[in-house]
Amino acid sequence: MSVRRIALVAALGGLLFGYDTGIIAGALLFARDTLTMSSFEQGLVVAMVPLGAAFGALFAGRLGDRYGRRQVILAASLAFIAGSFICAIAPDVPVLAAARFLLGIAIGFASAMCPVYISEVAPPKERGRLVSLFQLAVVVGILIAYLVALALDHAEAWRWMLGLGALPAFLLGLGMLRVPASPRWLAMVNRDEEARMVMASLGMTDEEIEHELTTIHEGLRTERATWADLLKQPVRAALVVGVGLAILQQVTGINTVIYFAPTIIEFAGVTSSSAAILSTVGIGVVNLIATIVAVRLVDRSGRRPLLIIGISGMILALLALSLAFGLDPDANGGLTAPLTVVSLMAYVAAFAISLGPIFWLLNAELYPLRERGAAASAGTTANWASNFAVSLTFLPLIDFLGKSGAFGFYAVVGVIALIFSIALVPETRNRSLEEIEAIWRKRAGMAE
Ligand code: BGC
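First, a word on scope: everything that follows refers to the structure included in this document.

Conventions we followed
Residues numbered from 1 in each chain as written. Predicted model: local features only at pLDDT ≥ 70, side-chain atom pairs only at ≥ 80, totals over all residues. Heavy atoms only, no water. Helix = DSSP H or I, 4+ residues; strand = E, 2+ residues; numbered from the N terminus. Rg over C-alpha atoms; globule rule 2.2 N^0.38 Å. Contact = heavy atoms within 4.5 Å. Areas by Shrake-Rupley, 256 points an atom, 1.4 Å probe, with all protein chains shown as cover. Lys, Arg positive; Asp, Glu negative; His and termini not counted. Charge placed at Lys NZ, Arg CZ, Asp CG, Glu CD. Near = heavy atom within 4 Å. Polar contact = N/O pair within 3.5 Å; in protein donor to acceptor, adjacent residues only side chain to side chain. Nonpolar A, V, L, I, M, F, W, Y, C, P; charged D, E, K, R; others polar. Salt bridge = Lys/Arg side-chain N within 4 Å of Asp/Glu carboxyl O. Patch = residues over 30% accessible without salt bridge, like charges linked within 9 Å, V, L, I, M, F, W, Y side chains within 5 Å. Buried < 20%, exposed > 50% of the residue type's maximum accessible area, 1.4 Å probe, protein only. Expected span 1.5 Å × (residues − 1). Bend = angle between axes of the 7 residues up to and from the residue. Disulfide = S-S within 2.5 Å.

**Topic: the overall build of the protein chain**
Inference 1: Secondary structure assignment for the protein chain yields 18 helices and zero strands.
Inference 2: Taking 448 residues into account, the globule formula puts the C-alpha radius of gyration at 22 Å, and the protein chain, at 22 Å, falls close to it.
Inference 3: Counting only C-alpha atoms and orienting by the principal axes, one finds that the protein chain spans roughly 70 × 45 × 35 Å.
Inference 4: Within the protein chain, residue pairs in contact and separated by at least 24 positions form 81% of the contacts whose partners lie at least 6 positions apart.
Inference 5: Split by element, the accessible area of the protein chain, about 17700 Å² in all, is 67% carbon and sulfur.
Inference 6: With 32 positive and 32 negative side-chain charges, the protein chain shows a separation of 4 Å between the mean positions of the two kinds.

**Section: the site of the ligand**
Inference 1: The ligand sits among 14 residues. The nearest are Gln135, Gln249, Gln250, Asn255 and Trp360.
Inference 2: Between the ligand and Asn287 there is a distance of 3.1 Å, counted from an oxygen atom to a side-chain nitrogen or oxygen.
Inference 3: When the ligand sits alone it has 310 Å² of accessible area, and the protein chains cover 100% of it.
Inference 4: Secondary structure elements with two or more residues in the shell around the ligand: helix 5 (124-152), helix 11 (235-251), helix 12 (254-267), helix 16 (355-365) and helix 17 (369-424).
Inference 5: It is helix 5 that contributes the most residues to the shell around the ligand, three residues altogether.
Inference 6: Across the shell around the ligand, the residue classes break down as six nonpolar, eight polar and no charged.

**Comments concerning the pattern of salt bridges**
Inference 1: For the structure shown, the criterion picks out 17 salt bridges.
Inference 2: In this structure, the salt-bridge partner of Arg184 is Glu434, at a minimum N-O distance of 3.4 Å. With Arg184 in helix 8 (residues 183-188) and Glu434 in helix 18 (residues 433-443), this residue pair connects regions lying 250 residues apart in the sequence.
Inference 3: Of the charged contacts, one joins Asp229 and Lys232 as a salt bridge, the two residues approaching to 2.9 Å between their closest N and O atoms.
Inference 4: What you see here is one network of salt bridges that share partners, running through Asp65, Arg69, Glu120 and Arg372.

**A word on a nonpolar patch on the surface**
Inference 1: Taken together, the side chains of Phe55, Leu58, Phe59 and Trp227 make up a nonpolar region of the molecular surface, amounting to roughly 360 Å² of accessible area.
Inference 2: On the secondary structure map, Phe55 appears in helix 2 (residues 39-67).

**What to know about the environment of Gly128**
Inference 1: Structurally, Gly128 is set in helix 5.
Inference 2: Using a relative accessible area of 0% as the deciding quantity, one classes Gly128 as buried.
Inference 3: Distance in space between the C-alpha atoms of Gly128 and Glu365 is 9.2 Å, their sequence separation being 237 residues.
Inference 4: Ignoring sequence-local partners within four residues, the contact set of Gly128 consists of Val298, Asp299, Arg303 and Leu361.

**So, the environment of Ile105**
Inference 1: Position of Ile105 relative to the elements: it lies in helix 4 (residues 93-121).
Inference 2: Considering only alpha carbons, one finds Ile105 and Ala60, 45 residues apart in sequence, at a separation of 9.2 Å.
Inference 3: Not counting residues up to four positions away in its chain, the partners in contact with Ile105 are Gly52, Ala53, Phe55 and Gly56.

**Side note on helix 13 (residues 273-301)**
Inference 1: An ideal rise of 1.5 Å per residue puts 42 Å on 29 residues; helix 13 measures up with 40 Å between its terminal C-alpha atoms.
Inference 2: Where helix 13 bends most, at Val295, the angle is about 30 degrees.
Inference 3: Gly302 sits one or two positions beyond helix 13 and adopts a positive phi of about 95 degrees.

**Section: the state of the cysteines**
Inference 1: Under the counting rule described, the total for this entry stands at zero disulfides.
Inference 2: Cysteine Cys87 is unpaired, with the sulfur of Cys114 as its nearest cysteine sulfur at 19 Å.

**Digging into unusual backbone geometry**
Inference 1: A cis amide bond links Gln233 to the next residue, Pro234, at an omega of 5 degrees.
Inference 2: Among the structural elements, Pro234 can be located in the loop between helix 10 (206-220) and helix 11.
Inference 3: The phi torsion at Thr36 lies on the positive side, around 35 degrees, for a residue other than glycine.
Inference 4: In this fold, Thr36 is placed in the loop between helix 1 (3-34) and helix 2.
Inference 5: Of note in this structure, Asn430 is not a glycine but carries a positive phi near 60 degrees.
Inference 6: Classification of Asn430 as partly exposed rests on a relative accessible area of 46%.

Take a look at the structure:
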């Protein structure tokens, strides 16, 4: 199977991540009536996914080191199928919440391991593009969820909305049974013969394979990494960047838009719910187009330029949103609504060329092989925990600071993300995973 095909299969994990986080908004509108849910119960059902994902991601790396990346993704596909199915037939809120938690665990596994798996089969020249397919799949999943919700809306078919997630999960499972194990993981657990075979099937020459294996074994030498190992140099230097970006990807507010777009648009004075939903689909489309641009650019222009330009754009768009909500709606001749929708789109586009794909890419490629599983887990857990915190605090933040103040607040956090990226994120374009290790050793003042 070609590297591209393999990457596409693994990226299906991203599609499920996007679908299952995106579908709940639509499904909840009806599930809450069928199951007579209080607003606390509704929040619970939504929050179970990020919570489960933070939890699943915590274990994904260690499991991926022990049993292999591919097995963890396979386990995720089973959990996706079971979770979707139980959601669809859930008789009451506790069962629905438990099934959403199971889906969360699957998403945690997939978001920690799919990018790592792709980065370990991809050649350096194409790694950025192939790993970014994961983010592209997330965005496609979100858009499909919006469209499914729109299509099944008048049938009020919330059980179908949730259950349909089983379909891509089934494809992911079937696909993962056919792709090879990660050659770098095979080498890590001393299965060099198999690693050689996989690398050869991926089109590497004998010379490249031997070079790769030697470098991998030089880098490894010792036992599997523990959590404590993550705090030792040079991994610590890499972890600061990975976990920092994981948190910044969320606290700059992306999911206030992805999860609450119709609400924000209604805040701007749009009263028709179909106009709000349609604008939301528009945001999903913009997200997709900008992500395609990023996938095409990431190996050519590099990670840093995209990150820096994109975050700058996010800051400007957030300031525009803050301004839109700060304007006096009676005096501005109806400017608030269009300014809001345009700013939301600009913000999502800027995220989609920067923090969106680049965080997942760097989380998979920044760390030395021995610590990669555990460190990618740590980054993914930090990402989902921050996602949980932001989703929970968004509406209270608006009560506290006002709408204009809340978006102004995210703009300030954006400035921190910008400074962080300029100061700390290294360029990894066109470098092998082993060369990236050398960057950290140098930064930590260690010998090459
Ligand atoms: C983030 C998600 C977000 C999505 C939006 C991903 O990179 O991790 O939290 O919902 O992008 O496109």
